[in-house]
Amino acid sequence: MPNKLKNILYIAFIVSQISLVMVSEQGFYDAMPLSVLLLFASAYSMAMLLGQLTSLDNTHKLIKPLIPTLFAFMLILTWESIVKGYAISPILMPAPSNIFHALISNIPMLWADFKQTYLKAVLAGYIIGCLSGFLVAKWAVSNKLLQDALMPLGNFMSAIPIVGIAPIMVMWFGFDWQSKAAVIVIMTFFPMFINTLTGLQSTDALHQDLMHTYASKKSQIFFKNQLPHALPFIFNALKLNSALALIGAIVAEFFGTPIVGMGFRISTEVGRMNMDLVWATIVVAAIAGSLSYGALALLEKSLLFWHPSYRDSKNS
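Residues numbered from 1 in each chain as written. Predicted model: local features only at pLDDT ≥ 70, side-chain atom pairs only at ≥ 80, totals over all residues. Heavy atoms only, no water.

Asker: Kindly report on the nonpolar core, identifying the contributing residues and their values.
Answerer: Among the nonpolar cores identified, the biggest contains 36 residues, and Val122, Met192, Ile234, Leu238, Leu246, Met262 and Ala280 are the most heavily contacted of them. Elements with a minimum of two residues in this core: helix 5 (96–105), helix 6 (107–140), helix 9 (177–200), helix 11 (218–252), helix 12 (262–271) and helix 13 (275–303). Per element, the largest residue contribution to this core is twelve residues, and it comes from helix 11. Core analysis: the next-biggest nonpolar cluster, separate from the first, contains 15 residues, Tyr10, Val21, Val36 and Met46 among them. (Core = buried A, V, L, I, M, F, W, Y, C linked by side-chain atoms within 4.5 Å. Buried < 20%, exposed > 50% of the residue type's maximum accessible area, 1.4 Å probe, protein only. Helix = DSSP H or I, 4+ residues; strand = E, 2+ residues; numbered from the N terminus.)

Okay, structure coming up:
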């Protein structure tokens, strides 16, 4: 069968599954058990189409972003089909359409939660934690005593669960965003410290000798030799901390917060069995975390275009 005809058949299966979900009543898989075969056919069709897109070369740059988009679409379609087809209780698993409706219907409240959790607690704690970790690592790279003192402490702090730190920070700094920012500082300081210290110590001995031969100042050695070598490690810590900061803020809000915030919204709506809004809040948090990570990845790519890993990926 020609590829063009196969692709038309694949698209027909997917469109048929979408139409079935849209026009059918709750529990249609119980009423028509064999119709579940269409779901498998549409999933197989999407896999074949994605395989063709993956095999395209680098000249099709506009098509490449379709791969994760179509994959996510197929996951949502499968989720919607199973929940609606088998009439699963919304308390156990709400359908994506209900989550989207809850998201659209509660935009002002979710925006207020986002501002409280992300724009206040996450950003403040993230900036303070990462900046302080970087500065202490810069200091410790030439201070063996500080290295030996902080490295074991970092391993110790990383083993402490968030649920043990958060109540203490709430008692110390109050119920507002400051206590959540304090939790984030503790969570993000040591990943940044350890990664930055490792990066600053990874400079090549030949480069160090060359800088000393030219009688370079300490600032020149740092900015022209140590910092460029440390940037990949620093960005690894920044991307890791972008996820840790959001998780820490949401979990910390479970232990005390004003009547606003994503963690507060999740814990409150779970008690009310309003799972549509719980999942809508989770979607907002996931989008915020993904955008933060993506922005850092783009910044890393723009600053580290000279790095071998980026040169190799561009040439491959």
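Now that the structure is up, let's keep going.
Asker: Just give me the short version of the packing of aromatic side chains, but keep the residues and values in it.
Answerer: Applying the stated criterion to the full structure yields eight aromatic pairs. Ring geometry for Tyr10 and Tyr44: centres 6.4 Å apart, planes at 80°, overall edge-to-face. Placement of the pair is Tyr10 in helix 1 (residues 3–23) and Tyr44 in helix 3 (residues 36–54), with a sequence separation of 34 residues. Residue Tyr10 is classed as buried on the basis of its relative accessible area of 12%. Under the relative-accessibility criterion, Tyr44 is labelled partly exposed at 46%. Ring geometry for Trp111 versus Phe114: centroids 5.5 Å apart, planes at 25°, classification stacked. Here Trp111 pairs with Phe114, and both are found in helix 6, just three residues apart, close to one helical turn. A residue is classified by how much of its surface remains accessible, and Phe114, at 16% relative accessible area, is buried. (Phe/Tyr/Trp six-rings, centres within 6.5 Å; stacked < 30°, edge-to-face > 60°.)

Asker: Give me the lowdown on helix 12, citing residues and values where you can.
Answerer: Counting buried positions along helix 12 gives seven out of ten residues, so the element sits mostly inside the fold. Within helix 12, the full set of buried residues consists of Met262, Gly263, Phe264, Arg265, Ile266, Thr268 and Glu269. Of the residues trailing helix 12, Met273 is marked for its positive phi of about 60°.

Asker: A description of the environment of Ala252 should follow, citing residues and the corresponding values.
Answerer: Looking at the element boundaries, Ala252 is found in helix 11. On the basis of relative accessible area, Ala252 is assigned to the buried category, the value being 1%. As a C-alpha pair, Ala252 and Ile184 span 68 residues in sequence and 9.1 Å in three-dimensional space. When neighbours within four sequence positions are excluded, Ala252 is seen to be in contact with Ala166, Val170, Lys180 and Val183. (Contact = heavy atoms within 4.5 Å.)

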